[in-house]
Amino acid sequence: MSDVSNTPFVVAVPSKGRLQENAAQFFARAGLTLVQGRGARDYRGTLAGFDGLEVAYLPVSEIVASLKDGSVHLGVAGEDLIREAMPDADARVELLAPLGFGNANVVVAVPQAWIDVRTMTDLEDVAAIFHARRGQRMRVATKYIDLTRRFFALHGVSDYRIVESLGATEGAPASGTAELIVDITTTGATLTANALKVLDDGVILRSEANLVASMRADWSEPHLRTARAILSRIAAEETARQTRDVVADFPDVRDGLGQEAAERFGATLLSEGKREATTFRCKRRDAASLAEWLIEQGAHAVSVRTNDYLFASDSPLFDTLVHRVRRT
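Residues numbered from 1 in each chain as written. Predicted model: local features only at pLDDT ≥ 70, side-chain atom pairs only at ≥ 80, totals over all residues. Heavy atoms only, no water.

(A) Structural view of the overall build of the protein chain. Within the protein chain one finds 12 helices and 16 strands. In terms of overall dimensions, the protein chain is more spread out than a globule: its C-alpha atoms have a radius of gyration of 25 Å, far above the 20 Å expected for 328 residues. With respect to the three principal axes, the spread of C-alpha positions in the protein chain is 85 × 55 × 40 Å. A buried classification covers 47% of the 328 residues belonging to the protein chain. (Helix = DSSP H or I, 4+ residues; strand = E, 2+ residues; numbered from the N terminus. Rg over C-alpha atoms; globule rule 2.2 N^0.38 Å. Buried < 20%, exposed > 50% of the residue type's maximum accessible area, 1.4 Å probe, protein only.)

Given below as C-alpha cells:
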C-alpha cells in the first residue's frame, strides 16, 4: 500500500516489556506485522506491506505526549495515563478500541485500620476531623495528581493535600509519608499486603490498554486511507474472533427457523436450502447453545466453524475516526 503524503503515518507502540509483546500480538492477530529492522534496540520500525508508515517504539509516557501534540497518528497506551496527562482527553484523542491487556484500576485506598471509613463521604468527614485536630491537611500519596483532584472534587473532598509519589506508593501510609493513597492495582494483593483497602466507591478509573487516535495529527486523505486499511483489518479480526458460524445439516428446514434462531440466540441466517447446509452466524458464547437447539429442531449434524477475518463494507473503527476528524 502506498501513501503519497510528504509526512509518514506514525504508529506508536510501547518500547519494551510485556506491553510491547502484547501490542505486537494484537497487531499480528489482525495480520499486521511490526518490523524492527535492526532488532530490539531499534526504536524505529515499519508495518509490513505499508509504504510511508513508521512505527515508533516509545516509553508509554512519551506515546501519550505524542498523541497529545499530534506527532503520532495512532498509539497504544493505557487509559489511566491518557486521562491523567490530558484533562481534556475527549477533545484531544479518540479511544478507538480497548485491547484486552494492561488491565488495572486507579483506586482510592486507605488503611484497613480505618474501620469506619468505607466511602468517599466517610473520607470527607475524616479529612475535616484530621484538619481540626492536627491543624494540617490529610496527605494523599499518588502519581495520578490530576485524576485524584478531579475525583476528590467530584465527591466534595477538599481538605487534603497531595504528596507526589516517586516510589512505591502503597508503602506511603506505613512509612508515615501519607495517610492514604491513590494508585493503580490489578488484583489488590499488593494493597492487602500493605494493610490497605479500596473504598467501596473509590474506583476512579477501570483502565486497560487502548488503540488511541490523536485529533491533533495530520489526517490528510492519504493518511486516512492508511488508517482505513489498518482499522479495517483490526475490525475484521475482532469480528471473526467474537463470532462463530454454526452449520447444520437438515433433511428439511422448517419455516420460521431463522426467525426463531434470531430471537433466541441473536443469530443471523447466512444460507438456507436443501442442497446446501443451513448456516447461522452468532456470538461465540452462544454457539454451543445454538448447535444443541438445532439438533433438537431436527438437524442430523451441526458443526461450529471459526473465521480468520470477517470484512464488511462498513468499518466501525474507521467510521468513528472519520467522524471525529471531520468534526474537529
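(B) View of the packing of aromatic side chains. By the definition in use, this model includes five aromatic pairs. Judged by centre distance (5.7 Å) and plane angle (55°), the ring pair of Phe265 and Trp293 falls under tilted. With Phe265 in helix H10 (residues 257-265) and Trp293 in helix H11 (residues 287-296), this residue pair connects regions lying 28 residues apart in the sequence. Residue classification places Phe265 among the buried residues on the basis of a relative accessible area of 15%. (Phe/Tyr/Trp six-rings, centres within 6.5 Å; stacked < 30°, edge-to-face > 60°.)

(C) A look at the packing of helix H9 (residues 221-242) against helix H12 (residues 316-327). Direction vectors running N to C along H9 and H12 enclose 145°, while the axes themselves pass 7 Å from each other. In this structure, H9 uses Leu224, Ala227, Arg228, Leu231, Ile234 and Ala235 to contact H12, whose residues at the interface are Leu317, Phe318, Leu321 and Val322. (Axes fitted to C-alpha atoms, helices over the stretch in contact; angles between N-to-C directions. Contact = heavy atoms within 4.5 Å.)

(D) View of the sheet that holds strand S1 (residues 9-14). Taken in spatial order, the seven strands line up as S2-S3-S4-S1-S5-S12-S6 in an open sheet, and their pairing is mixed. Two strands bound the open sheet, and with one partner strand each, they are strand S2 (34-35) and strand S6 (93-98). The sheet contact formed by S1 and strand S4 (residues 53-58) spans six bridges and is parallel. The partner of Val10 across the bridge, within S4, is Glu54. Those strands touched by H12 are S6 and strand S12 (209-214), and its axis lies near 170° from that of S6. (Pairing = 2+ DSSP bridges.)

(E) Local environment of the sheet that holds strand S15 (residues 278-283). The strand order S14-S15-S13-S16 describes an open sheet built from four strands, whose pairing is antiparallel. Strands with a single pairing partner mark the edges of an open sheet, and in this sheet they are strand S14 (268-271) and strand S16 (301-305). Neighbouring strand axes in the sheet, compared pairwise and without regard to direction, differ in orientation by 25° on average. Judged from the three bridges that link them, S14 and S15 form a sheet pairing that is antiparallel.

(F) The nonpolar core, seen in detail. Of all hydrophobic cores here, the largest spans 38 residues; its most connected members are Phe27, Trp219, Ile230, Ile234 and Leu321. For this core, the secondary-structure elements that each account for two or more residues are S1, helix H1 (17-29), S4, strand S5 (74-78), S6, S12, H9 and H12. The element best represented in this core is H9, accounting for seven residues. Every residue in contact with Ile234, bar those within four places of it in the chain, is listed here: Phe26, Phe27, Ala30, Leu32, Leu211 and Leu317. Phe151, Leu180, Ile204 and Leu205 belong to the second-largest nonpolar core, a separate cluster that totals 21 residues. (Core = buried A, V, L, I, M, F, W, Y, C linked by side-chain atoms within 4.5 Å.)

(G) Region of the structure containing H12. Between its terminal C-alpha atoms H12 stretches 16 Å, which fits the 16 Å expected from 12 residues at 1.5 Å a residue. Those residues of H12 not exposed but buried are Leu317, Phe318, Leu321, Val322, Arg324 and Val325. All buried residues of H12 lie within an arc of 165° about the axis, which places them on one face of the element. Those residues of H12 that are exposed and aimed more than 90 degrees away from the buried face are Pro316, Arg326 and Arg327. (Expected span 1.5 Å × (residues − 1). Arc of directions from axis to C-beta.)

(H) Spatial organisation of the packing of H10 against H11. Where H10 contacts H11, the axes come no closer than 11 Å and their chain directions differ by 145°. Note that H10 runs across H11; the crossing there is right-handed. Residues Leu257, Glu260, Ala261, Arg264 and Phe265 of H10 form the contact with H11, whose participating residues are Ser289, Leu290, Trp293 and Leu294. Classifying every residue of the contact of H10 with H11 by side-chain character gives six nonpolar, one polar and two charged. (Left-handed = near helix turned anticlockwise from the far one by under 90°. Nonpolar A, V, L, I, M, F, W, Y, C, P; charged D, E, K, R; others polar.)

(I) Representation of the environment of Val93 within the structure. Inspection of the secondary structure assignment puts Val93 in strand S6. A relative accessible area of 2% means that Val93 is categorised as buried. Linking Val93 and Gly70, residues 23 residues apart in sequence, is a C-alpha distance of 9.2 Å. Among residues more than four places away in sequence, those in contact with Val93 are Leu67, Ile82, Met86, Val212, Ala213, Ser214, Met215 and Arg324.

(J) Region of interest: the pairing of S5. Along S5, five of the five residues are buried, which leaves the element largely enclosed by surrounding structure. Of the two faces of S5, the one holding Leu74, Val76 and Gly78 and the one holding Gly75 and Ala77 are both buried throughout. Inspection of the sheet shows S1 paired to S5 by two bridges, in the parallel sense. Bridge pairing links Val11 to Leu74 in S5. Where S5 meets S12, five bridges bridge the pair, whose relative direction is antiparallel. By the bridge assignment, Gly75 is partnered in S12 with Val212.

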